[in-house]
Amino acid sequence: MDLDATAARLGVPAEEVERVHRLAGDRPSAPLPAKADAPAMLDRLAVRPDDAAEIMAGWPDPGSPLWTPELRWLLDRSVALVRADLGGGGWLAPGPELPRERGPAWRHLYVYAYLALVDVATGYHRDHGVPDAVSRVSLADLGRNLAVDRRMRGEGWPVMQSWLTLHARGAVYELGRLQYHRGGTTLDLHIPESGPMTPEVVEASLDEARAFFPRHFPSERYTEFACGSWLLDPQLLEYLPEDSNIARFQRRFELEPYEEPEGLDADVEVLRFAFRTLTTPLDRLPRRTVLQRAIVDHLKAGRHWHWRRGCFPIQPHS
């Protein structure tokens, strides 16, 4: 295969196509579900009807004019690339960011890759005795992320396409209010968009995690919960009540010394998660909540938000 020509036809840098070729090699891919079974699968994965309709319209049927040979190659090799790291927990891009405006095959290529990997992921879950209910809600993060991307008019997907490879590899599990990312000796906490984050629901989720991981991954030893987020920025306490859910969540953590992460702009991440937009002018952002007003006022004052990381022991102090 001519990788340079493939990259040119895909409209992406040649080194990104070479990376897929190198990481996937001749490793096995995985088939898509039968098209007739896809609507039920999309429903289980909490994919909204408008997103599901687009996905079905772009389905990679044999002979479909929407699917060029380069797209079919990328779909096959991106599935192989992710499958080869089953059980891994590192950040993994499944392939290059595509020009999604070119149609549903381009817009949802990595969604089709995810669908091909659902049976692989659920098999991994079964091998570890993960309950079906946990497997289902964890993998249904696909629908949540597609809905957010639609709200963001396509601005959210470049990050989400890599984030979702964690679910497909068995690295992320949703237990109650929080998601848990396996790796090293820490369980990293992620906060999905799923309602209030009261101390009670957070503690219930932590208790569930304390039982879940020793039971299903007994060879792994986790000593700390950790989180990296702008929600841990102490500057928020200048604006939020002391008894707010965010303030109480912050108080759980011992913060590491501040160091700006390379390639991460906390101001951008705040806008992504608090407003689901990266392009709306500050004066036009909503101010419905104390948090939204705090974020906007802070930025309008010429100040910046910081991404902070902290941890606390998995076993609570007696």
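Everything below is about the structure shown above.
Right, let's walk through the structure included here. (Residues numbered from 1 in each chain as written. Predicted model: local features only at pLDDT ≥ 70, side-chain atom pairs only at ≥ 80, totals over all residues. Heavy atoms only, no water.)

A word on the packing of aromatic side chains
For step 1, the next point in the chain: Applying the stated rule across the entire model yields 14 aromatic pairs.
For step 2, the next point in the chain: Ring centres of Trp59 and Tyr112 lie 5.7 Å apart, and the angle between their planes is 90°; this geometry places the pair in the edge-to-face category. One end of the pair, Trp59, is in the loop between helix 4 (49–57) and helix 5 (69–83); the other, Tyr112, is in helix 7 (residues 109–127), with 53 residues separating them in the sequence.
For step 3, the next point in the chain: Taking the relative accessible area as the measure of exposure, Tyr112 reaches 0% and is therefore buried.
For step 4, the next point in the chain: With a centroid separation of 5.9 Å and an interplanar angle of 55°, the aromatic rings of Tyr180 and Phe225 are classed as tilted. Here the residue Tyr180 occupies a position in strand 2 (residues 178–181), and Phe225 occupies one in strand 4 (residues 224–229), the gap between them amounting to 45 residues. Phe225 shares its class with Tyr180; the two are buried.
For step 5, the next point in the chain: Taking the ring centre of Trp106 as reference, the NZ or CZ of Arg102 above it sits at 3.8 Å.
For step 6, the next point in the chain: The ring of Phe217 has Arg182 lying over it, and the distance from NZ or CZ to the ring centre is 4.0 Å. (Phe/Tyr/Trp six-rings, centres within 6.5 Å; stacked < 30°, edge-to-face > 60°. Helix = DSSP H or I, 4+ residues; strand = E, 2+ residues; numbered from the N terminus. Buried < 20%, exposed > 50% of the residue type's maximum accessible area, 1.4 Å probe, protein only. Lys NZ or Arg CZ within 6 Å of the ring centre and 35° of its normal.)

With respect to helix 8 (residues 132–139)
For step 1, the next point in the chain: Every buried residue of helix 8 is accounted for by Val134, Ser135, Ser138 and Leu139. Each buried residue of helix 8 sits inside an arc of 115° when the element is viewed along its axis, so together they form one side. Exposed residues pointing more than 90 degrees away from the buried face of helix 8 are listed as Asp132 and Ala133.
For step 2, the next point in the chain: In this structure, the buried side of helix 8 is in contact with helix 7, helix 9 (141–151), helix 10 (157–168), strand 1 (172–175) and helix 11 (199–216). (Arc of directions from axis to C-beta. Contact = heavy atoms within 4.5 Å.)

Considering the pairing of strand 3 (residues 186–190)
For step 1, the next point in the chain: Here strand 3 lies mainly inside the structure; four of its five residues are buried.
For step 2, the next point in the chain: In this structure, strand 2 lies alongside strand 3, joined through three bridges in antiparallel fashion. Along strand 3, the bridge assignment pairs Tyr180 with Leu189.
For step 3, the next point in the chain: Here strand 2 folds back onto strand 3, and the loop between the two strands holds four residues, one of which, Gly184, carries a positive phi near 65°.
For step 4, the next point in the chain: Of the strand pairs in this sheet, strand 3 and strand 4 are connected by three bridges, and their pairing is parallel. Each residue of the ladder has a partner; that of Asp188, found in strand 4, is Ala226.
For step 5, the next point in the chain: For the segment spanning strand 3, helix 11 and strand 4, crossover handedness is right-handed. (Pairing = 2+ DSSP bridges. Right-handed = clockwise from strand over helix to strand, strands pointing away.)

Let's talk about helix 9
For step 1, the next point in the chain: Burial within helix 9 is extensive, with eight of its 11 residues counted as buried.
For step 2, the next point in the chain: Along helix 9, the positions that sit buried rather than exposed are Asp141, Leu142, Gly143, Asn145, Leu146, Ala147, Val148 and Asp149.
For step 3, the next point in the chain: Its buried side turned inward, helix 9 meets helix 4, helix 7, helix 8, helix 10 and strand 2.
For step 4, the next point in the chain: Immediately downstream of helix 9, the backbone of Arg153 shows phi near 55°, a positive value.

As for the side chain of Ser135
For step 1, the next point in the chain: Mapped onto the fold, Ser135 is located in helix 8.
For step 2, the next point in the chain: Taking relative accessible area as the criterion, Ser135 reaches 7% and is therefore assigned buried.
For step 3, the next point in the chain: Within the structure, Ser135 has its side chain in polar contact with the side chain of His125 (distance 2.7 Å). (Polar contact = N/O pair within 3.5 Å; in protein donor to acceptor, adjacent residues only side chain to side chain.)

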